[in-house]
Amino acid sequence: RRVLFRSPVLPQPAPAGIAALERWVWQTAARRVAVVGASKNAGKTTTLNALVSAASRRGERVGLVSIGLEGERQAAWLDIPKPRVRVEKGSLVVTAESSLAEADVPLRVLGEVGFSSSLGRTVLAEAKAPGGVQLAGVPHRAHVRSAVEQLLAAGADRVLVDGAYQRQAA
């Protein structure tokens with residue numbers, strides 16, 4: 001039997017690149033940071049996870065939202081492993097309620113955010129432990145703005161937005 005494709009090992013960013021990104025983001029003092037790429041599988045979630053780790057080292061509570069679907073276990077088109085969206089204990093997320101079951105960690109729902117998507121009701125939740133989650137259910141620009149403001153109001157020191165440029169919300 002001939003193997004045409006092997007699932008790759010997920011690449012990890014270079015420590016120097018992470019350090020440079022961290023310095024740049026914290027020098028700007030921005031409370032809202034968007035990680036935007038040109039397409040799926042461009043490294044957005046890996047970058048987002050580096051920023052989540054940096055915020056944790058600095059004692060910050062982050063809020064996370066995506067303009068699409070991020071943190072799924074497998075790439076839908078290529079059927080290869082993908083990095084999960086990383087949360088720390090106390091991180092806040094806005095995601096479709098149906099995505100809560102995909103989390104590797106317990107999430108406590110703090111409330112509805114006032115909009116739904118094709119995936120159903122969208123909620124604000126808090127991670128009760130570190131691990132991986134799936135972010136989904138925020139398809140429109142106005143909803144992203146609303147989610148960001150709700151995450152800040154709920155106690156996030158910094159909000160990180162993940163999403164591919166070609167999506168509708170871009």
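The structure presented is a predicted model; accordingly, all values stated were derived computationally and were not measured.

Reading the values: the criteria
Residues numbered from 1 in each chain as written. Predicted model: local features only at pLDDT ≥ 70, side-chain atom pairs only at ≥ 80, totals over all residues. Heavy atoms only, no water. Helix = DSSP H or I, 4+ residues; strand = E, 2+ residues; numbered from the N terminus. Buried < 20%, exposed > 50% of the residue type's maximum accessible area, 1.4 Å probe, protein only. Contact = heavy atoms within 4.5 Å. Salt bridge = Lys/Arg side-chain N within 4 Å of Asp/Glu carboxyl O. Core = buried A, V, L, I, M, F, W, Y, C linked by side-chain atoms within 4.5 Å. Expected span 1.5 Å × (residues − 1).

Asks: Looking at this model, I keep getting lost on the overall build of the chain. Mind explaining?
Replies: Scanning the chain from N- to C-terminus turns up 3 helices and 8 strands. When the helices and strands of the chain are placed in sequence order, the string is α-β-α-β-β-β-β-β-β-α-β. Across the 170 residues that make up the chain, the buried fraction comes to 44%. Put simply, 74% of the contacts in the chain that link residues at least 6 apart link residues at least 24 apart.

Asks: Just to check I follow, could you spell out the pattern of salt bridges for this structure?
Replies: It is possible for side chains bearing opposite charge to pair when their charged atoms get close. For the structure shown, the criterion picks out 11 salt bridges. Of the charged contacts, one joins E60 and R158 as a salt bridge, the two residues approaching to 2.9 Å between their closest N and O atoms. Residue E60 is located in the loop between α2 (44-57) and β2 (62-66), and its partner R158 is located in strand β8 (residues 158-164); the two are separated by 98 residues in the primary sequence. Under the relative-accessibility criterion, R158 is labelled buried at 5%. The closest approach of N and O atoms between K128 and E126, which form a salt bridge, is 3.6 Å. A residue is classified by how much of its surface remains accessible, and K128, at 37% relative accessible area, is partly exposed. Given the relative accessible area of 11%, E126 is considered buried. Where salt bridges share partners, they join R61, R108, E126 and K128 into one cluster.

Asks: Is there a simple way to think about the side chain of E22 in this case?
Replies: Its place among the elements puts E22 in helix α1 (residues 15-28). In this structure E22 comes out as buried when scored by relative accessible area, which is 13%. If near-sequence neighbours (up to four positions away) are discounted, E22 is found in contact with A54, R57 and R58.

Asks: I tried to follow the nonpolar core on my own but got confused; where do I start?
Replies: Across soluble globular proteins, nonpolar side chains have a tendency to be buried as a group. L51, L64, V87, V93, V133 and L160 are the most contacted members of the largest nonpolar core, which has 23 residues in total. Elements with a minimum of two residues in this core: α1, β1 (32-37), α2, β2, β3 (85-87) and β6 (120-127). Tallying contributions element by element places α2 first for this core, with 5 residues. Once you skip the residues sitting within four places of it in the chain, L51 turns out to touch L21, V25, W26, V33, V35 and L160. L92, V148, V159 and V161 belong to the second-largest nonpolar core, a separate cluster that totals 16 residues.

Asks: Help me understand α2, please; the structure alone is not making it clear to me.
Replies: In an α-helix, one full turn covers 3.6 residues, which means residues spaced three or four apart are oriented alike. With 14 residues, α2 should cover 20 Å at 1.5 Å per step; its first-to-last C-alpha distance of 20 Å lies within 8% of that length. When α2 is considered as a whole, its buried residues turn out to be K44, T45, L48, N49, A50, L51, V52, A54 and A55. Of the residues flanking the end of α2, it is G59, one or two places downstream, whose phi is positive at about 80°.

Asks: Where do I start with the environment of V94 in this structure?
Replies: Here V94 lies in strand β4 (residues 92-96). Between the C-alpha atom of V94 and that of L110, which follows or precedes it by 16 residues, the distance is 10.0 Å. Every residue in contact with V94, bar those within four places of it in the chain, is listed here: L64, V65, V113, F115, T122, V123, L124, L135, A136, V138, A147 and L151.

Purely geometric stuff here, so don't read any function into it on its own.
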